[in-house]
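One letter stands for each residue in the lines below.
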Amino acid sequence: MPDPQARAAGSDWEPAEVAAVVADYFAMMADEFADRPYNKREHNRALQALTGRSAGSIEFKHQNISAVLSELGLPWLRGYKPRANYQEALVAEVGRHLPSAIWLQAVPADRPAPAIPVGDLFVPPPERHRKRASAPLERLVRKFDPAERDERNRTLGKAGEEFVVEVEERRLLGAGRRDLMSKVRWIARDDGDGAGFDIRSFEEDGRETLIEVKTTRGARTTPFYLTRNELAVAGERPEAWRIYRVFEFGEASRIFTLKPPLEEAISLTPSTWSASFSYPLLEAGQNDHRAAEH
C-alpha cells in the first residue's frame, strides 16, 4: 500500500487501494445480507486511514462499485447510488471477488417489497442508447451473464410473478373492480409454462391483458431473455400482451412495462440456435435440386 501521507489529491488509485476499497464494499454486502449491523462511516474512516484518500473520494469509489454490480444485474448497497466513469482496474477487481461472494447465493429471492401505493411501483422504461461498455466490463458481463442467471433462477422468477399477481389485484381493487380482481390468474403456476405469458389480468375497462413477467435483482437496464413462444404470442395478441419488467427486486422493487411492437423499445438479438440432424424445410424446387445432387 502506498504511503497515505504521500497521496496527492486527484491522483490515480493504485492497485492495492482498489483492492482495499472493493474488499471493503464486499464485506459490507456480506454484513447487509446476513443482517449484521455495520457502520458505513466507520468503514469510510478506516479506508481513509489506510489509503490517505478523502471521505468523498472513497464514497465515489463505492458508488463506482455499485455501478459495476448494477451492470451485472446484481444487488448493490443502498446509499451508494451507482455512478459510472470507473477505471478498468475496478472492474477486474470486482470480477475477482464475485466467485467467492457467498452473499450472492444467500440473497433471498422473495424478500418482501414495500407496501407502497401501486401507482408508485410503475416507472418509465429506460431509453435506448448506443453507448458501449468497456471491454473489461463486457468480458465480465459475458462471464456472469445477468440475463442467463435470472432466467435460470426459478425461485426468483416465481417470486417476481407472485409479486405481480399481488400488484395487479391491488391495482384492480383500488380501481373499484373487485369483480376483475377475482379473475386474475397466475397461468404459469396453475397451467405450467408454455402459454407465452405468465399472468392473465385486466385493464380497468375489462379488456384482457396477458403479462409476461421478467424479474431481476439488478437495475432497470439489466438485459433479459425472451422465448420464441413469448414473441409469437406478442405478435398474435399485440393489443393484450405486455412485459412487466420487475427490477431491483426486494426492498426497492419497481416495474416498467413494454408492449408490442417491442422493437421500438428494446433491441432483440438472437442468442441461441437450435441444433438438429435433419435438413431444414426448403422450397419444393430446392428439395428437388438437393435430391438431384445426391
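As a starting point, this report considers the structure included with it. (Residues numbered from 1 in each chain as written. Predicted model: local features only at pLDDT ≥ 70, side-chain atom pairs only at ≥ 80, totals over all residues. Heavy atoms only, no water.)

1. Remarks on the sheet that holds strand S5 (residues 254–258)
Basically, it comes down to this: The criterion for strand pairing is that DSSP finds at least two bridges linking the strands in question. Numbered from the N terminus, helices here are DSSP runs of H or I no shorter than four residues, and strands are runs of E no shorter than two.
Strand order in this open sheet of five strands is S1-S2-S3-S4-S5, and the pairing throughout is mixed. Across the chains shown, the open sheet's two edge strands, defined by having one partner strand only, are strand S1 (185–186) and S5. Note that strand S2 (residues 199–202) and strand S3 (residues 208–215) share four bridges and pair antiparallel. If you follow Phe202 over to S3, its bridge partner there is Glu208.

2. Things to note about helix H2 (residues 40–51)
One turn of the α-helix equals 3.6 residues, which is why residues spaced by three or four share an orientation. Operational definition: The span you would expect from a helix comes to 1.5 Å times its residue count less one. Buried residues are those whose accessible area, probed at 1.4 Å on protein chains only, stays under 20% of the maximum for their type, while exposed residues exceed 50% and partly exposed ones sit between those limits. Directions are taken from the helix axis to each C-beta atom, and the arc is the one they span. Here a residue-residue contact requires only that any non-hydrogen atoms of the pair lie within 4.5 Å. By the criterion applied in these results, polar contacts are pairs of N or O atoms within 3.5 Å in which, for protein atoms, one can donate a hydrogen and the other can accept it, and in which residues neighboring in sequence qualify only through two side-chain atoms.
Compared with the 16 Å implied by 1.5 Å per residue over twelve residues, the 16 Å span of H2 between its first and last C-alpha is a close match. Along H2, the residues classified as buried are His43, Asn44, Leu47 and Thr51. In a view along the axis of H2, the buried residues occupy a sector of 100°, so they form one face of it. Turned more than 90 degrees away from the buried face of H2 sit Arg41, Glu42 and Ala49, all of them exposed. Considering only its buried residues, H2 is in contact with helix H1 (15–33) and helix H3 (55–71). Taking the backbone nitrogen of Arg41 as reference, a side-chain oxygen 2.9 Å away marks Asn39 as the first, capping residue of H2. Positive phi appears at Gly52, one or two residues downstream of H2, with a value of about 80°.

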